[in-house]
Amino acid sequence: MWFGSYDAGITKYDGESFTNLSSADGLPGDFILGTARDDAGNMWFGGVGGLTKISGDNLTNFSIEDGLPSNAVLSILHKSDKSLWFGTVGGLAKYDEKGFHNFTVNDGMADNTVWDMAEDGKGELWLATYFGLSHYDGSKITSYTKSVGLLENGARDVAVEKNGTVWVGTEEAGLSRFDGEAFTNFTKDYGLKHTAVINDIFQDREGNIWFASVMGLHKYDGFGFTMYSRNHGGLLENSIDCSYQDDTGLLWFVGAKGMTKFDGKSFIHYSQAQGFPDEKVVDILQGKDGIFWLAFETGIARFDGKSLTQYSADHGLPVDIKEIFIDSFGNFWIISAYGLTLFENGVFIHYGREQGLEGIVTDILQDEKGNLWLGTYRGIAFVDSKQLSAISTNLEKKFDFKTLDQSHGLVDRYAYQLLFVPEGKLAVGSSRGIQIFDVPDLGSGDFSKISSSEWYHSSTGFPVKDVNPIGKNTMFLDKDGIIWAATESGNTGLVRFDYKKVNKNKTKPQLRLKDIRLNEAPVSWQSIIDYPQVIEPKDTANTVPAHVEEMLKYGKKLSEAERDSLASHFKGVTLADVSPFYMIPQDLVLPYRFNRVTFEFGTDELTNPDLIEYQYFLQDYDKVWSPVTKESKVTFGNIREGSYTFRVRARFTGVSEKGADAWTAPLEFTFQVLPPWYRTWWAYLSYALLFIAIFRYYIKRREWALRKRQEELEETVSIRTSELRAEKKKSDDLLLNILPEEVAEELKAKGNADAQLIDQVTVLFTDFKGFTQLSEKLSPKELVAEINECFSAFDLIMEKHGIEKIKTIGDAYMAAGGLPTPNQTHAIDVVKAALDIQEFMKKHKEDREARGDLFFEIRIGIHTGPVVAGIVGVKKFQYDIWGDTVNTASRMESSGEIGKVNISGTTYELVKDRTECFYRGKISAKGKGDIDMYFVERVERKD
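Residues numbered from 1 in each chain as written. Predicted model: local features only at pLDDT ≥ 70, side-chain atom pairs only at ≥ 80, totals over all residues. Heavy atoms only, no water.

### Some details on a negative patch on the surface
Reasoning step 1: On the surface, Glu789, Glu839, Glu846, Asp847 and Glu849 cluster together into a patch of negative charge.
Reasoning step 2: In terms of residue count, the dominant contributor to the negative patch is helix α10 (residues 826-851) (four residues).
Reasoning step 3: You can see Glu789 is positioned in helix α9 (residues 780-801).
Reasoning step 4: Exposure remark for Glu789: the relative accessible area of 40% places this residue in the partly exposed category. (Patch = residues over 30% accessible without salt bridge, like charges linked within 9 Å, V, L, I, M, F, W, Y side chains within 5 Å. Areas by Shrake-Rupley, 256 points an atom, 1.4 Å probe, with all protein chains shown as cover. Salt bridge = Lys/Arg side-chain N within 4 Å of Asp/Glu carboxyl O. Lys, Arg positive; Asp, Glu negative; His and termini not counted. Charge placed at Lys NZ, Arg CZ, Asp CG, Glu CD. Helix = DSSP H or I, 4+ residues; strand = E, 2+ residues; numbered from the N terminus. Buried < 20%, exposed > 50% of the residue type's maximum accessible area, 1.4 Å probe, protein only.)

Here's what the structure looks like:
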């Protein structure tokens, strides 16, 4: 393998190692631009310094001294016929064993600087030069520039497809498709002295083509232009409207200053001095009898070579005449600003809107069948040959005009010029270029649309914008079948159109989906599917797919923070894969918040993308295909949840072979939109349950209303019953305030409550230190208030932990856990309650100390064991407990210390796994002997 570089010469790779050759090894320069290998295996390298041939170990350099047109070699081509071609900055060179044969601008090249070369299927050369495209067919070089359709003159690259299409890469205007040699725009560069608007085109019997304009005459002989005007050639007046050649071969030109006869050598002028009724002559023709007819703006005249016979408005002829015409049946027609006029036997018959002829008439033409065709401002009017041949017997002189307009397929309502071209085609020149189609059979009753229509216009990729509407023959077919058209452009007023050389589109466009956006924001799908990215060390020097897409979508490679933000923003979007090149997601699933989706699509038509039309359809969103559009992007918003398939199709609207202008097969993309949370199945289930609840509430409300009505009817009884119930509730509440609920219910049900032995109950005792001494220092009201505040807090703590308050005895407070209904947590519940009392008393003490008030300090004792619980007395009865457990609990309180929670060993065994305790040892308790005692420090949380 061989490599040429911009600054390091040539590198050869033999599969194992690299060998470098540079100017130090004999190369004329290190800047290499072109490489090729010939059939003998020799390698050729061209660069800024010259040309080098490497044959084995031999190196041979070529330069200007050896016959090269320049030492700067830009491109090399080895053709299929084994010849070698070199593009340089000084021209094109062909090399054989004898030496170099050079071509330059003197041989027809667009420019001497040849950037690139390509060979087509015929073995012919195409050259990309600094100032256009050149074509060498083996005998001559033809060059093409911007005037024939290139996007720009500066061509840098050229390539030829198998079908012969030539693609040109330009310096600044992008890629251009060269459509062959069909069009040539003639400008001053071609020899036209003036590019004013051309009024008439005419070809004489010698093959010369004459162009009449307001700036004089131009004659084109196939090689160049010759100008005739007041200052060049002897014309009386520059402004020429029409040209004509009579039976003897003399040329006649009419215009603003009369009529001029030209015998090839000199001009003879005729004007009002020779009896013309008007100075301006607009048309001239010669009848079969050799008589000349002249048309003036104000009338017509018959000229037999000696005298004029004039007809004007006084004879019924309309003014502002544009053209005269004699058809094959001998009928004499006059076109004016007021329509069409038939001149017969000295009588003028007018045809306009009232006679069925719509619009101003601009041109008149007869086909080989004798039918008459009229170009108008409302399309094309048609009169068949049967009517024309029977005019002499048609006493009313009425015609059945047929009309061809935009509803039948014309691209413009204005048909300025009509022209019959080979192969049964009709060409129409209008303000929108040239349209060519099959000659329609307007005589048949079932005609509806023109067929095989081809539109040549700047919008369809061809260098013609319009056809001049003012003039007799502003569109002309020469003897070689070439169409010449005068345009309204002052710069490119003349177009040569070789219809046979049009490079028609042969295939349907290749349709592609290019991008999908969410909420109109670009998405790097690779960054989403590969998130988080893990770049292996071997990839650090390469660009991973996500980076490629990021640079395409955002113009840069995202940072990790930006990629994290992107992934966060598009959270919930899922896809299975991403297609290569255009990075299209596969199996796309979208959360509902991304239900605005934009599709961007396109085709392989790069030169004229405006010639592509599209239709799209989103299944289950649209009902029908969209209207035809040239827009290559569509956004669908507020897409409901579901599975959707987007379809798009395209067609090429430019000039195409049959079938190549049809719609492509639809391109499909399927995706899914998830429902919002309020339309999920579980949301609908919630709605159903809510409805049921509301319905039930309604039913219940109705029932309540009925009951309320019934209660109103029984109000007297209800009041008494309510009073009784209120009293009962008071007694029940009072009973519950005295007794546990279970005991109270039993008492109400049976009238008494049985005593109950409970195997394990945890009993709590509290007592205030120095209560007697402190009570002497407080007033009775203050004392009661202080005790009430403390015991009320204790009550709430007991309620919090599910402990039953038993009673208070003076300053002592007694409670028990695990009764009246036994449970397994009574010990830890009581310990927690004791610690809460401890905490409360600590804060209570701090608050009173801060105010300077006296305060209580407390001892707390706890013991666990069996008790007997029941009600004592028949008046002021009370729920109470008895047993040694109660006495031991009391001893635990009296054996404790101020501010401490003192528990027995029995209780400790039940709470040791949940508490942190300080073992005090065996402490002697009055009447109980030595008892294991513990201070509870804290309860360890257990979730």
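### Concerning the UniProt feature "transmembrane region" (unreviewed entry) in the protein chain
Reasoning step 1: The sites that UniProt annotates as "transmembrane region" (unreviewed entry) are residues 681-699.
Reasoning step 2: The distance separating the terminal C-alpha atoms of residues 681-699 is 27 Å; by composition the span is 100% helix and 0% strand. (UniProt positions renumbered as here; feature names shortened; annotations may be inferred.)

### Describing empty space enclosed by the protein
Reasoning step 1: Under the criterion given, the structure shown has seven cavities of 30 Å³ or more.
Reasoning step 2: Approximately 70 Å³ is the volume found for the second largest cavity.
Reasoning step 3: Glu237, Ile240, Lys257, Gly258 and Thr260 are the residues nearest the centre of the second largest cavity, which is lined by 15 residues in total.
Reasoning step 4: Counting residues per element, the ones that place at least two in the lining of the second largest cavity are β25 (251-255), β26 (258-262) and β27 (267-270). (1 Å grid on protein atoms, 1.4 Å probe; cavity = no way out; pocket = protein on both sides within 12 Å on 5 of 7 lines; lining within 4 Å. Points joined across faces, edges and corners; volume = space filled by probe spheres on them.)

### Describing the environment of Leu404
Reasoning step 1: By the element assignment, Leu404 lies in strand β39 (residues 402-404).
Reasoning step 2: Each C-alpha atom of the pair Leu404 and Ile450 lies 8.8 Å from the other, and the pair is 46 residues apart in sequence.
Reasoning step 3: When near neighbours in sequence (up to four residues on either side) are disregarded, Leu404 contacts Arg378, Gly379, Ile380, Leu410, Phe437, Pro440, Leu442, Phe447 and Ile450. (Contact = heavy atoms within 4.5 Å.)

### Comments concerning the domain arrangement of the protein chain
Reasoning step 1: Domain boundaries assigned for the protein chain yield domain 1 (2-187), domain 2 (202-269 + 282-289 + 296-314), domain 3 (511-679) and domain 4 (753-939).
Reasoning step 2: On a C-alpha basis, the centres of domain 2 and domain 4 stand 137 Å from each other. (Domains from an automatic or database assignment.)

### Points about the packing of aromatic side chains
Reasoning step 1: Tallied over the entire structure, the rule returns 72 aromatic pairs.
Reasoning step 2: Judged by centre distance (5.4 Å) and plane angle (80 degrees), the ring pair of Phe794 and Tyr813 falls under edge-to-face. In this pair, Phe794 sits in helix α9 while Tyr813 sits in strand β58 (residues 812-817), placing the two residues 19 residues apart along the sequence.
Reasoning step 3: Since its relative accessible area comes to 0%, Phe794 is described here as buried.
Reasoning step 4: Through a chain of ring-to-ring contacts, the aromatic side chains of Phe599, Phe601, Tyr614, Tyr616, Tyr621, Phe636, Tyr644, Phe646, Phe669 and Phe671 assemble into a single cluster.
Reasoning step 5: Seen from the ring of Trp663, Arg649 lies directly overhead, with NZ or CZ sitting 5.0 Å from the centre. (Phe/Tyr/Trp six-rings, centres within 6.5 Å; stacked < 30°, edge-to-face > 60°. Lys NZ or Arg CZ within 6 Å of the ring centre and 35° of its normal.)

### With respect to the sheet that holds strand β31 (residues 308-312)
Hydrogen bonds between backbone groups are what pair the strands of a sheet, and the pairing can be parallel or antiparallel.
Reasoning step 1: Across the sheet, four strands lie side by side as β28-β29-β30-β31; this open sheet has antiparallel pairing. Two strands bound the open sheet, and with one partner strand each, they are β28 (281-286) and β31. Going across the sheet, the axis of each strand differs from the next one's by a mean of 20 degrees, ignoring polarity.
Reasoning step 2: Note: strand β29 (residues 292-296) against strand β30 (residues 299-303), five bridges, orientation antiparallel. Each bridged residue has a counterpart across the sheet, and for Trp293 the counterpart in β30 is Arg302. (Pairing = 2+ DSSP bridges. Axes fitted to C-alpha atoms, helices over the stretch in contact; angles between N-to-C directions.)

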